[in-house]
Amino acid sequence: MVTIMKYFLCLLLTLSTTISYANGADWRKSDSDEEKLKKIIKVIPSTSDIMFQMGERYKNLYWAAKQGKWEFAEYQLEEMESLLKTLMITRPKRKETARNFLDYGFNGYEDAIENKNWGAFQKTFNNMRQACEHCHELNQHAFIKLQKTPIKGSSPALD
Ligand code: HEC
């Protein structure tokens, strides 16, 4: 009888450790709030995560305007602005230069888009590219240059 009890006890223990191990493996459930916060901070978007998206939107913005998809162009700009605002939070050392860009980097688009003016858009786009590259210089990444006239977009919302 005692041996059977021991056997069951043993089985119960094995089962409960397996279950608690499975739970323990999920840090979202088992970690302290402090540990959770540390992990979350580690995985918030980096500058390169954000910039990779900026690069895609840069191309899509150009091609949206070129194809006369002005609303889509405007949408790209809004998303780019929002990406920079996210960057200001996730990477405090980029905050000041991102703020500067937000103050003047998008100047001129409002008129160009409102008037659906491709010529004015191209001028504004060129100014913005220089502002992008200027920020790269100020952040020790001067070697990251951008296509003056992106060869193609990447969004399936484009033709
Ligand atoms: C706040 C300054 C800042 C602004 C503004 C900025 N960038 Fe960047 N960008 C950076 C930095 C810094 C890097 C290098 C990434 C890193 O530090 O890991 C970078 C990298 C990039 C990359 C390379 C991403 C990769 O990992 O392959 C692209 C593409 C890019 N930026 C596009 C743009 C475009 C387009 C604009 C303007 C619309 C822009 N950036 C505006 C700071 C900026």
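As the structure is a computational prediction, the values presented were derived from the model and not from experiment. (Residues numbered from 1 in each chain as written. Predicted model: local features only at pLDDT ≥ 70, side-chain atom pairs only at ≥ 80, totals over all residues. Heavy atoms only, no water.)

A. Structural detail: the side chain of glutamate 133. Checked against the element boundaries, glutamate 133 lands in helix H8 (residues 118-138). Once residues lying within four places of it in the same chain are set aside, the contact partners of glutamate 133 are Ile144, Lys145 and Leu146. (Helix = DSSP H or I, 4+ residues; strand = E, 2+ residues; numbered from the N terminus. Contact = heavy atoms within 4.5 Å.)

B. Representation of the pattern of salt bridges in the model. Scanning all chains against the criterion turns up 10 salt bridges. With its nearest N and O atoms 3.0 Å apart, the salt bridge here joins aspartate 26 to arginine 28. Among the residues examined, aspartate 26 registers a relative accessible area of 15% and is labelled buried. A salt bridge links aspartate 33 to lysine 36; the shortest N-O distance between them is 3.8 Å. Note that aspartate 33 and lysine 36 are positioned in helix H3 (residues 33-43) at a spacing of three residues, about one turn of the helix. By relative accessible area, which is 62% here, aspartate 33 ends up exposed. (Salt bridge = Lys/Arg side-chain N within 4 Å of Asp/Glu carboxyl O. Buried < 20%, exposed > 50% of the residue type's maximum accessible area, 1.4 Å probe, protein only.)

C. Summary view of H8. Over its 21 residues, H8 runs 30 Å from end to end, which matches the ideal 30 Å to within 8%, given 1.5 Å per residue. Along H8, the residues that are buried comprise Phe121, Thr124, Phe125, Met128, Arg129, Ala131, Cys132, Glu133, Cys135 and His136. N-capping of H8 is provided by asparagine 117, with a side-chain oxygen placed 3.1 Å from the backbone N of glycine 119. Just past H8, the residue glutamine 140 takes up positive phi, approximately 55 degrees. (Expected span 1.5 Å × (residues − 1). Polar contact = N/O pair within 3.5 Å; in protein donor to acceptor, adjacent residues only side chain to side chain.)

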